[in-house]
Amino acid sequence: MEVKARAPGKIILSGEHAVVHGSTAVAASINLYTYVTLSFATAENDDSLKLQLKDLALEFSWPIGRIREALSNLGAPSSSTRTSCSMESIKTISALVEEENIPEAKIALTSGVSAFLWLYTSIQGFKPATVVVTSDLPLGSGLGSSAAFCVALSAALLAFSDSVNVDTKHLGWSIFGESDLELLNKWALEGEKIIHGKPSGIDNTVSAYGNMIKFKSGNLTRIKSNMPLKMLVTNTRVGRNTKALVAGVSERTLRHPNAMSFVFNAVDSISNELANIIQSPAPDDVSITEKEEKLEELMEMNQGLLQCMGVSHASIETVLRTTLKYKLASKLTGAGGGGCVLTLLPTRTVVDKAIAELESCGFQCLIAGIGGNGVEFCFGGSS
């Protein structure tokens with residue numbers, strides 16, 4: 001038997017950067033997924049753990065005996081209690097990953113492969129198996145690809161454990177219960193820590209629970225959308241240094257504390273108003289159109305404030321100019337400095353020409369539904 005799990009990526013609708021300075025941010029899941037398929041070895045002579053990254057045409061393989069020898073201090077797996085990876089274990093796992101000779105061009109994957117080994121051995125122990133990963137999400141573009149990987153992996157591993165209550169005979173995608181989701185999210189966060197060091201927990205929480213969350217000063221509040229939302233996500237393919245961008249905003253705040261305080265307060269107001277609009281009922285098409293127009297204005301205001309923070313980029317400005325020609329509102333999402341740009345697609349909007357023009361600039365365009373389900377799983381290829 002095999003299990004397949006899928007976890008959505010995420011976007012920041014409002015509040016990036018300002019959230020670091022006490023403002024409210026709103027994040028949402030998108031219906032672009034990372035998929036993880038887990039199957040345990042059945043042949044007696046197959047005694048290895050394999051990780052296949054299909055989109056990157058990469059495969060890693062470790063003899064189970066080698067993993068058991070290296071991580072002998074772990075003891076028996078305890079999937080019901082999440083465990084943090086110690087510095088000693090990180091060093092040991094890093095050595096196992098280095099043995100695989102990851103190509104220089106893909107060296108950024110090292111931390112993700114390390115997270116895989118930690119989550120697998122902590123939840124399932126030392127069993128031979130094959131794990132296959134595919135994804136709709138571009139890597140390193142601010143859409144939560146690493147969190148979606150950790151959430152989907154944790155889901156697949158826990159589905160084959162005694163720690164969650166699942167129906168292995170159900171056909172089609174299933175969701176986890178509330179307490180099981182809480183455990184899954186805790187494990188996913190441990191994987192994120194290996195990849196990012198000190199993650200906020202926003203990305204994995206959105207991916208695990210789906211829909212939307214408000215985040216302020218470390219407090220997460222789950223919210224539910226009462227209107228259909230669709231976004232054009234434009235990946236500029238421009239890499240960015242998130243730490244440097246965050247530091248740049250902090251330095252600007254030190255130089256102009258009063259002005260930046262007004263900027264952050266404005267972003268806080270935008271985030272709260274946006275959340276209220278999304279949550280309020282929309283009984284008819286007229287109401288939806290009015291709400292979409294308000295959201296467009298809030299997105300444009302938020303983008304202007306992000307420009308005040310100094311986190312835009314020439315590629316982002318190209319997307320803004322292009323979508324504005326077609327009377328569409330856009331803003332960057334995430335760290336800025338490149339990465340992805342969101343464009344709200346009002347009901348019945350035709351965007352073929354806008355997409356064609358953006359793609360002619362070398363950008364990648366994805367259309368995503370906003371605020372859908374979180375992580376899901378299915379058994380035996382029943383999806």
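Rules of the game
- Residues numbered from 1 in each chain as written.
- Predicted model: local features only at pLDDT ≥ 70, side-chain atom pairs only at ≥ 80, totals over all residues.
- Heavy atoms only, no water.
- Helix = DSSP H or I, 4+ residues; strand = E, 2+ residues; numbered from the N terminus.
- Rg over C-alpha atoms; globule rule 2.2 N^0.38 Å.
- Buried < 20%, exposed > 50% of the residue type's maximum accessible area, 1.4 Å probe, protein only.
- Areas by Shrake-Rupley, 256 points an atom, 1.4 Å probe, with all protein chains shown as cover.
- UniProt positions renumbered as here; feature names shortened; annotations may be inferred.
- Contact = heavy atoms within 4.5 Å.
- Phe/Tyr/Trp six-rings, centres within 6.5 Å; stacked < 30°, edge-to-face > 60°.
- 1 Å grid on protein atoms, 1.4 Å probe; cavity = no way out; pocket = protein on both sides within 12 Å on 5 of 7 lines; lining within 4 Å.
- Points joined across faces, edges and corners; volume = space filled by probe spheres on them.
- Nonpolar A, V, L, I, M, F, W, Y, C, P; charged D, E, K, R; others polar.
- Axes fitted to C-alpha atoms, helices over the stretch in contact; angles between N-to-C directions.
- Parallel < 35°, antiparallel > 145°, perpendicular 65-115°, else oblique.
- Left-handed = near helix turned anticlockwise from the far one by under 90°.
- Pairing = 2+ DSSP bridges.
- Domains from an automatic or database assignment.
- Buried area = accessible area lost by both parts, 1.4 Å probe.
- Salt bridge = Lys/Arg side-chain N within 4 Å of Asp/Glu carboxyl O.
- Polar contact = N/O pair within 3.5 Å; in protein donor to acceptor, adjacent residues only side chain to side chain.

1. Side note on the overall build of the protein
In step 1: Helix and strand counts for the protein come out as 11 helices and 12 strands.
In step 2: Taking 2.2 N^0.38 as the reference for a compact globule, 383 residues should give roughly 21 Å; the C-alpha atoms of the protein span a radius of gyration of 21 Å, in line with that estimate.
In step 3: For the protein, the C-alpha atoms occupy an extent of roughly 60 × 50 × 40 Å along the three principal directions.
In step 4: Considering the protein as a whole, with its 383 residues, one finds that 54% of them fall into the buried category.
In step 5: Here the protein displays about 16800 Å² of accessible surface, and carbon together with sulfur accounts for 51% of that area.

2. Details of the UniProt feature "domain: GHMP kinase C-terminal" (unreviewed entry) in the protein
In step 1: Within this structure's numbering, the places UniProt gives as "domain: GHMP kinase C-terminal" (unreviewed entry) are residues 293–360.
In step 2: For residues 293–360, helix accounts for 56% and strand for 13%, while the C-alpha atoms at its two ends are 28 Å apart.

3. Things to note about the environment of Leu 153
In step 1: By the element assignment, Leu 153 lies in helix α4 (residues 145–159).
In step 2: With 126 residues separating them along the chain, Leu 153 and Gln 279 place their C-alpha atoms 31 Å apart.
In step 3: Dropping the residues within four chain positions of it, Leu 153 is found in contact with Val 36, Phe 116, Leu 119 and Val 131.

4. Things to note about the packing of aromatic side chains
In step 1: Per the counting criterion, the structure on display carries 8 aromatic pairs.
In step 2: Ring plane angle 40 degrees and centroid distance 6.0 Å describe the contact between Phe 116 and Tyr 120, whose orientation is recorded as tilted. Of the two residues, Phe 116 and Tyr 120 both sit in helix α3 (residues 110–124), 4 residues apart, roughly one turn of that helix. Neither residue differs from the other here; Phe 116 and Tyr 120 are each classed as buried.
In step 3: An aromatic cluster is present here, built from Phe 40, Phe 160, Phe 176, Phe 377 and Phe 379 joined pairwise through their rings.

5. With respect to empty space enclosed by the protein
In step 1: Evaluated as defined, the whole model comprises 1 cavity of 30 Å³ or more.
In step 2: Its boundaries defined by the atoms lining it, the largest cavity holds a volume of some 40 Å³.
In step 3: As for the largest cavity, its lining consists of Leu 13, Leu 229, Met 231, Leu 274, Ile 278, Leu 295, Met 299 and Leu 344.
In step 4: For the lining of the largest cavity, the secondary structure elements donating two or more residues are α8 (257–279) and α9 (285–309).
In step 5: Of the residues assigned to the lining of the largest cavity, the class counts are 8 nonpolar, no polar and no charged.

6. Focus on the packing of α4 against helix α5 (residues 178–196)
In step 1: One way to put it is that α4 packs onto α5 with a least axis distance of 8 Å and a crossing angle of 135 degrees. In terms of orientation, α4 lies oblique with respect to α5. Regarding α4 and α5, the two cross each other, and that crossing is right-handed. Residues Ser 146, Ala 147, Cys 150, Val 151, Ser 154, Ala 155 and Leu 158 of α4 touch α5, and the partners they reach there are Leu 183, Leu 184, Trp 187, Ala 188, Gly 191, Glu 192, Ile 195 and His 196.
In step 2: Class assignment of the residues belonging to the contact of α4 with α5 gives a composition of 10 nonpolar, 4 polar and 1 charged.

7. Some thoughts on the pairing of strand β7 (residues 219–223)
In step 1: Sheet topology note: the strand β6 (residues 212–216)/β7 ladder contains 5 bridges and is antiparallel. Paired with Phe 215 across the two strands is Leu 220, which belongs to β7.
In step 2: Turn length for the β6-β7 hairpin, with the two strands adjacent in sequence and antiparallel, is 2 residues, and the turn residue Ser 217 shows positive phi of about 50 degrees.

8. So, the domain arrangement of the protein
In step 1: Domains assigned within the protein are domain 1 (2–223 + 374–380) and domain 2 (229–370).
In step 2: Tallying the contact residues gives 29 residues for domain 1 and 39 residues for domain 2.
In step 3: Across the domain 1/domain 2 interface, buried area totals approximately 2500 Å², and carbon plus sulfur atoms make up 63% of it.
In step 4: Inspection of the domain 1/domain 2 interface yields 2 salt bridges.
In step 5: Of the charged contacts, one joins Asp 268 and Lys 216 as a salt bridge, the two residues approaching to 3.5 Å between their closest N and O atoms.
In step 6: Joining domain 1 to domain 2, the criterion identifies 15 residue pairs in polar contact (both at pLDDT 80 or more).
In step 7: Contributing elements (two or more residues each) for the side of domain 1 that touches domain 2: β1 (2–14), β2 (25–40) and β6.
In step 8: Classifying every residue of the side of domain 1 that touches domain 2 by side-chain character gives 13 nonpolar, 12 polar and 4 charged.

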